[in-house]
Amino acid sequence: MVSPDAEPSGMVPDDLAARLHGVRAGIIDAARLADRDPAGITTIVVTKFHPVALIEELYALGERNMGENRHQEAQSKAALLGDLDLVWHFVGQVQGKKARQVRAYADVIHSVDRESLVTALGSAESIRDCFIQVNLTDDAARGGVDPLNLPALVDTVLAAPGLRLLGLMAVAPLAEEPRRAFARVRELSEQIRTQAPAAIALSMGMSQDYAAAVLEGATHLRIGTAITGNRPVLG
Ligand SMILES: *Cc1c(COP(=O)(O)O)cnc(C)c1O
């Protein structure tokens, strides 16, 4: 719906604020249902395909954690918005040859999924936070490590001097009830606890399934369209 009154320039569009407030309220409701403190849940607004102006609007509304999934787009947005105290989360698949560039601007990398990527990411002097992405489907092209290979990858990440392992990340498969999928991730997280006692975070839950993720212990929600509106189609 187009408002009859033009937005004064520089103002935050009401619909963005309304969607954001709706999601914040939804997270608080889900946390209450799960008997959890909402303060333990970080919302990452996934702003891929959207212009930097939208990120500035989100910043004005109090959001600090932004998620991107394409390297060049993320790199240029982080450079353009370098004056803002944003936390950049890279949530897409990382190409090995781009790994060093990604770690230059990404504060948190959610998609570590293979040993070669750990090597490519792990050798720098500074430390980056990361998640290991777990593939919950049978399709290897989906990104994420096969759960059978998770313990070995955990050891590799723990041994990498430039990475701090926060926990596990996953995307719920279309073919599975999201809450069941997230419960599987929680179980995997419990299984690696002896190896990596500090890696207790869970990056899971998107626009359609964040409430289910909160019920299964998500600490980092990656929410796009429910907050940003539909992604523009880039021509
Ligand atoms: C795009 C994306 C999201 C956000 O998806 P929505 O359905 O728009 O909330 C979350 N995680 C990853 C890895 C993504 O690529």
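These figures come from a predicted structure and were not determined experimentally.

Chemist: Explain the environment of A34 residue by residue, including any values.
Modeler: Inspection of the secondary structure assignment puts A34 in the loop between α1 (14-33) and β1 (42-46). Taking the relative accessible area as the measure of exposure, A34 reaches 24% and is therefore partly exposed. The sequence separation of A34 and G143 amounts to 109 residues, and the corresponding C-alpha distance is 29 Å. In contact with A34, other than residues within four places in its own chain, are V214 and L215.

Chemist: Give me the site of the ligand: which residues, what numbers.
Modeler: Taken together, the residues surrounding the ligand are V46, K48, N69, V91, M169, M206, S207, R222, I223, G224, T225 and R231. In the environment of the ligand, an oxygen atom lies 2.8 Å from a nitrogen or oxygen atom belonging to the backbone of G224. Here an oxygen atom of the ligand sits 2.9 Å away from a polar atom, N or O, in the main chain of T225. Compared with its free state, where it exposes 390 Å², the ligand has 88% of that area covered by protein. Of the residues that constitute the shell around the ligand, the class distribution is 5 nonpolar, 4 polar and 3 charged.

Chemist: Could you give an account of the pairing of strand β4 (residues 108-112), with specific residues and numbers?
Modeler: Among the 5 residues in β4, 5 count as buried, and that is most of the element. Strand direction decides the pairing type here: strand β3 (residues 87-90) and β4, joined by 2 bridges, are parallel. Bridging across to β4, F90 finds its partner in I109. Where the polypeptide runs from β3 across helix α4 (residues 99-105) and back to β4, its parallel neighbour, the crossover connection is right-handed. Where β4 and strand β5 (residues 128-133) come together, 3 bridges link them in parallel fashion. Following the sheet pairing, V112 is matched in β5 by I132.

Chemist: Tell me what's going on with the UniProt feature "modified residue: N6-(pyridoxal phosphate)lysine" (unreviewed entry) in the protein chain, and back it up with residues and numbers.
Modeler: The UniProt record annotates "modified residue: N6-(pyridoxal phosphate)lysine" (unreviewed entry) at K48. One can find K48 in the loop between β1 and α2 (52-60). Relative accessible area serves as the criterion here: at 18%, K48 is assigned to the buried category.

Chemist: Provide a residue-level description of the packing of aromatic side chains, including the pertinent values.
Modeler: Scanning the model with the defined rule gives 0 aromatic pairs in all. Lying over the aromatic face of Y59, R64 brings its terminal NZ or CZ to 3.6 Å of the ring centre.

Chemist: Outline the pattern of salt bridges, supporting the account with residue identities and numerical values.
Modeler: Following the criterion strictly, the structure yields 12 salt bridges and no others. Across the pair E68 and K77 runs a salt bridge whose closest N-O atoms are separated by 2.8 Å. Residue E68 shares its accessibility class with K77, and that shared class is buried. In this structure, the salt-bridge partner of E216 is R179, at a minimum N-O distance of 2.6 Å. With E216 in the loop between α8 (210-215) and β8 (220-223) and R179 in helix α7 (residues 178-191), this residue pair connects regions lying 37 residues apart in the sequence. Classification of R179 by relative accessible area gives partly exposed; the value is 34%.

Conventions and cut-offs
- Residues numbered from 1 in each chain as written.
- Predicted model: local features only at pLDDT ≥ 70, side-chain atom pairs only at ≥ 80, totals over all residues.
- Heavy atoms only, no water.
- Helix = DSSP H or I, 4+ residues; strand = E, 2+ residues; numbered from the N terminus.
- Buried < 20%, exposed > 50% of the residue type's maximum accessible area, 1.4 Å probe, protein only.
- Contact = heavy atoms within 4.5 Å.
- Near = heavy atom within 4 Å.
- Polar contact = N/O pair within 3.5 Å; in protein donor to acceptor, adjacent residues only side chain to side chain.
- Areas by Shrake-Rupley, 256 points an atom, 1.4 Å probe, with all protein chains shown as cover.
- Nonpolar A, V, L, I, M, F, W, Y, C, P; charged D, E, K, R; others polar.
- Pairing = 2+ DSSP bridges.
- Right-handed = clockwise from strand over helix to strand, strands pointing away.
- UniProt positions renumbered as here; feature names shortened; annotations may be inferred.
- Phe/Tyr/Trp six-rings, centres within 6.5 Å; stacked < 30°, edge-to-face > 60°.
- Lys NZ or Arg CZ within 6 Å of the ring centre and 35° of its normal.
- Salt bridge = Lys/Arg side-chain N within 4 Å of Asp/Glu carboxyl O.

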